[in-house]
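So the chains spell out like this:
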Amino acid sequence: GVNCIELLPIFEFDETACPRRNPKTGEQLCNYWGYSTVAFCTPMQRFSTRERLGAAIVGFKTLVRELHRQGIEVILDVVFNHSAEGTWDESNWHSMAAVAKSQYYILCGGKHTNYTGCGNTMNANDPL
């Protein structure tokens, strides 16, 4: 039987923050992978079945609790080496950068660096 599940990124991300377009139609493509997090430890609101404030948190906690009751472990796939702030040179999200940009990110000339392949490398060596 199943004794463990792994969930791809469940934290808040913006799937529309993608500069790529369909080569045939010109339609903007979306990035549904979820690896460009905008708020770590905040479950994706769109994954919730309810609209009210905090529903995603309650729903996620309930999911994990019920899986554990059935003896099923939960593994979260989380990438902490980059975030969506500054992705594709956009300034569409401001969470960690608004607090302490030079502490949270590795910068070069005040701009995000791209050591992760995602364009906004986290400064994991800073004690913050």
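Now for a look at the structure at hand. (Residues numbered from 1 in each chain as written. Predicted model: local features only at pLDDT ≥ 70, side-chain atom pairs only at ≥ 80, totals over all residues. Heavy atoms only, no water.)

Our next topic: the overall build of the protein. Summing up its helical and strand segments, the protein has 2 helices and 6 strands in all. Starting at the N terminus and ending at the C terminus, the protein contains elements arranged as β-β-β-α-β-α-β-β. Counting every position in the protein, which comprises 128 residues, the buried fraction comes to 30%. In the protein, of all internal contacts separated by at least 6 residues, the share reaching a separation of at least 24 is 58%. (Helix = DSSP H or I, 4+ residues; strand = E, 2+ residues; numbered from the N terminus. Buried < 20%, exposed > 50% of the residue type's maximum accessible area, 1.4 Å probe, protein only. Contact = heavy atoms within 4.5 Å.)

Counted under the stated rule, the structure contains 2 aromatic pairs. Ring geometry for Phe40 and Phe80: centres 5.1 Å apart, planes at 40°, overall tilted. With a gap of 40 residues between them, Phe40 in strand β3 (residues 37-43) and Phe80 in the loop between β4 (73-76) and α2 (96-104) connect regions that are remote in the sequence. A relative accessible area of 55% places Phe80 in the exposed class. (Phe/Tyr/Trp six-rings, centres within 6.5 Å; stacked < 30°, edge-to-face > 60°.)

Below, the discussion takes up the pattern of salt bridges. Inspection of every chain in the model, using the stated rule, returns 4 salt bridges. In this structure, Arg46 engages Glu15 in a salt bridge whose closest nitrogen and oxygen atoms are separated by 2.8 Å. Taken together, the residues Arg46 in the loop between β3 and α1 (55-69) and Glu15 in the loop between β2 (11-13) and β3 connect sequence positions 31 residues apart. Put simply, Arg69 and Glu66 hold a salt bridge, and the shortest N to O gap is 2.9 Å. In this pair, Arg69 and Glu66 both sit in helix α1, 3 residues apart, roughly one turn of the helix. Classification of Arg69 by relative accessible area gives exposed; the value is 59%. Three or more residues joined by partner-sharing salt bridges are found here, namely Glu12, Glu15 and Arg46. (Salt bridge = Lys/Arg side-chain N within 4 Å of Asp/Glu carboxyl O.)

Residues Leu7, Ile10, Phe11, Phe40, Phe60, Val64, Met96, Ala97, Tyr105 and Met122 constitute the largest nonpolar core, which totals 10 residues. Of all elements in the fold, only α1 and α2 reach the threshold of two or more residues within this core. Setting aside residues no more than four positions away along its own chain, Tyr105 makes contact with Ser83, Glu85, Met96, Ala97, His112, Asn120, Thr121, Met122 and Asn123. (Core = buried A, V, L, I, M, F, W, Y, C linked by side-chain atoms within 4.5 Å.)

Locating Asp77 in the fold gives a position in the loop between β4 and α2. Arg46 is the oppositely charged side chain nearest to the buried, salt-bridge-free Asp77, at an N-O distance of 17 Å. Among the polar contacts made by the side chain of Asp77, one reaches the side chain of Tyr35 at a distance of 2.6 Å. (Lys, Arg positive; Asp, Glu negative; His and termini not counted. Polar contact = N/O pair within 3.5 Å; in protein donor to acceptor, adjacent residues only side chain to side chain.)

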